[in-house]
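Inside the fold
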Amino acid sequence: MNTINIQTYKSPVGEILLGSYDGKLCLTDWKYRRMRMTIDKRLQNGLNAEYSEESSEVIEQTITQLKEYFSGRRKTFDIPLLTIGTEFQKSVWQGLIKIPYGANASYLELAKNIGNEKAVRAVASANGANAISILIPCHRIIGSNGELVGYAGGLPAKKKLLELENNLFV
């Protein structure tokens, strides 16, 4: 059986579970979220691996870059990522990565950006299944009416991330 190394990081907006596999980051997710078991099962089944509480070089690099991000000194991440999901989910997550720091988009805009305008609900579902929060910036998705909509880390965390990226609380 393979191993996914996991560690908890206490960020300024909540506890984050970090996971790495084979030198790549596969998990940066909210420790206390509704879909925790679903996400964990998808990763463990997809990699035929079990969680082991130990750090790794990529987890340490991620923590360093997250600290820089939260202190306003980093706008992009250069951590090797390993996404586990369907091809459609991966296309949505790639679309999210293209939304620049300080910007946001609606589910419809994201669906259009990945060339699948009719799949707004599926895009929303894939957005919610993202296991690499912040680095794959699902927090940058807002409702088409400009409202903050669901977020695995909770709406207060989402609001703080968007405020951080717009220099409102740095």
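We now turn to the structure provided with this report.

Criteria and thresholds
- Residues numbered from 1 in each chain as written.
- Predicted model: local features only at pLDDT ≥ 70, side-chain atom pairs only at ≥ 80, totals over all residues.
- Heavy atoms only, no water.
- Helix = DSSP H or I, 4+ residues; strand = E, 2+ residues; numbered from the N terminus.
- Pairing = 2+ DSSP bridges.
- Axes fitted to C-alpha atoms, helices over the stretch in contact; angles between N-to-C directions.
- Contact = heavy atoms within 4.5 Å.
- Salt bridge = Lys/Arg side-chain N within 4 Å of Asp/Glu carboxyl O.
- Buried < 20%, exposed > 50% of the residue type's maximum accessible area, 1.4 Å probe, protein only.
- Disulfide = S-S within 2.5 Å.

1. Examining the environment of S144
Its location among the elements puts S144 in the loop between β6 (141-142) and α6 (155-165). Each C-alpha atom of the pair S144 and Y107 lies 7.3 Å from the other, and the pair is 37 residues apart in sequence.

2. So, the sheet that holds strand β1 (residues 2-11)
Reading across the sheet, the four strands line up as β3-β2-β1-β4 and stay open at both edges, with mixed pairing between neighbours. At either end of the open sheet lies a strand with only one pairing partner, and these are β3 (24-30) and β4 (49-53). When the angles between neighbouring strand axes are averaged without regard to direction, this sheet yields 30 degrees. In the packing of helix α1 (residues 36-47) onto the sheet, contacts are made with β1, β2 (14-21), β3 and β4, and the angle to β3 comes to roughly 165 degrees. Those strands touched by helix α2 (residues 57-70) are β1, β2 and β3, and its axis lies near 25 degrees from that of β1.

3. Overview of the pattern of salt bridges
By the definition in use, this model includes eight salt bridges. One salt bridge connects R140 with E165, and the closest N-O pair in it is separated by 2.7 Å. With R140 in the loop between α5 (120-128) and β6 and E165 in helix α6, this pair connects stretches of sequence that are 25 residues apart. A relative accessible area of 5% means that R140 is categorised as buried. When salt bridges that share partners are traced, they join D29, R33, R36 and D40 into one network.

4. A closer look at the state of the cysteines
Here, the word disulfide means a covalent bond between the sulfur atoms of two cysteines. Here the structure, examined in full by the defined rule, presents zero disulfides. Here C26 stays free of any disulfide, with the sulfur of C138 as its closest cysteine sulfur at 16 Å.

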